[in-house]
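# A look at the structure
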Amino acid sequence: MNTEVAESHRQFEIAGVAEVVEGNGGLPKVQITTPECIGEIYLHGAHITSWKPSGEEEVLFLSSQSRWDEGHAIRGGVPISFPWFASKSDDPTAPAHGFVRTKAWQLESISQVERAVTVSMFTESDESTKRWWPADFRLVYRATFGPELGLELQVINTGRTRLPFEEALHAYHRVGNIRDARLRGLHGVQYSDKTDSNCKKMQRGEVAIIAETDRIYLDTTGAVELHDPVMHRVTRVVKENSRTTVVWNPWVQKARGMSDLGDNEWTQMVCIESSNVSSFAVDLAPGQQHTMKALVRVSKL
Ligand code: BG6
């Protein structure tokens, strides 16, 4: 870790509770240790890679084969997708899921209120983002580590023209075995099936993952519950200001083609992404801001 950069981060530390340390690949991360939980968030991508509430097992999946360098997104945890979701519709050469998951964010503050620690990071438009997208923006991400994991992504239009964007909190949830996991809360919601030419379908009952699954559930603001009989737990994701939920698991074939995912690791993960994508993209007037939130909670099954 570059020493000068490290010193500038260290002013925000809370000794013994939230410390800036060198993570994988020498990338700086904030390590949180409280009686309520342990967790970590990298400055690279403002990427949360771990949250383990006390008495529970790790909640987030993290690939053993993830790359840890500035040019690549970390595989697992909670990548942030902005300002487009998946590939950029008018430019197939643009980085998938936008450019902030591979950008170095800056620490803004770390605060502790009762049982929770909030790490706040920001990033702004600059030459590197304008290479792909002309807009002026500021993003602030507040990650709260406690008995619950709170995620807040604020987008501010700092430019003089409108700011249309997609966004996703692309959380990888760890499961005992994907074949046994079920998602509740999406019954009666229409989805766009990316594995079937974006065909619109209706969800009936629980979601069981039995093949490659890549779906955008549309116009849904409700909570999703992940039931995992192997890990004996339920993970509940509640969201605010989010009108789409993406559910993704690559399954056998697609996972085989992913060099940053270990053999069979696809069986241990499912992405549940609180988001505003596709026809639910956000469009901000100059000076306006928008905050999407997600709250993750686990309980015993
Ligand atoms: C999901 C998309 O959100 O992310 C999938 O719906 C995509 O289509 C997946 O494959 C992973 O994307 P990436 O760029 O991290 O490999």
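For the structure, see preceding data.
What comes next concerns the included structure. (Residues numbered from 1 in each chain as written. Predicted model: local features only at pLDDT ≥ 70, side-chain atom pairs only at ≥ 80, totals over all residues. Heavy atoms only, no water.)

## Quick notes on the overall build of the protein
We count it as follows: Numbering of helices and strands runs from the N terminus, with a helix taken as a DSSP run of H or I at least four residues long and a strand as a DSSP run of E at least two residues long. Radius of gyration: over C-alpha atoms. The globule rule applied is 2.2 Å multiplied by the number of residues raised to the 0.38 power. Contact definition: two residues touch when any of their heavy atoms are within 4.5 Å. Each accessible area is a Shrake-Rupley estimate made with a 1.4 Å probe; only the visible protein chains count as cover when residues are assessed. Positive charges come from Lys and Arg, negative ones from Asp and Glu, while His and the chain ends are left out of the count. Where a charge lies is defined by one atom per residue type, namely NZ (Lys), CZ (Arg), CG (Asp) and CD (Glu).
Counting secondary structure elements, the protein contains 3 helices and 22 strands. Taken over C-alpha atoms, the radius of gyration comes to 18 Å for the protein, in line with the 19 Å a tight globule of 301 residues would show. Referenced to the eigenvectors of the C-alpha coordinate spread, the extents of the protein come out at roughly 50 × 50 × 35 Å. Of the contacts made within the protein by residues no fewer than 6 positions apart, 63% connect residues no fewer than 24 positions apart. With the model as given, the accessible surface of the protein reaches about 13,100 Å², and the carbon-plus-sulfur share is 45%. On the protein, the mean spot of the 33 positive side-chain charges and the mean spot of the 39 negative ones are 5 Å from each other.

## Some details on the site of the ligand
Inclusion rule: The nearness test applies per residue and asks whether one of its heavy atoms lies within 4 Å of the molecule or strand. Polar contacts, as used here, are pairs of N or O atoms within 3.5 Å; protein pairs need one atom able to donate a hydrogen and one able to accept it. Residues neighboring in sequence count only if both atoms are side-chain atoms. Ten residues, namely Ala, Val, Leu, Ile, Met, Phe, Trp, Tyr, Cys and Pro, are considered nonpolar, four, namely Asp, Glu, Lys and Arg, are considered charged, and the remaining ones, Gly among them, are considered polar.
Around the ligand, a shell composed of Arg 75, Phe 85, Ala 96, His 97, Arg 101, His 170, Lys 194, Asp 214, Val 246, Trp 248, Lys 254 and Glu 273 is seen. Within the side chain of Asp 214, one N or O atom sits 2.5 Å away from an oxygen atom of the ligand. Residue Glu 273 places a side-chain N or O atom 2.9 Å away from an oxygen atom belonging to the ligand. Protein burial of the ligand: of its 390 Å² of free accessible surface, 85% is covered by the chains. Residues of the shell around the ligand, tallied by class, amount to 4 nonpolar, 2 polar and 6 charged.

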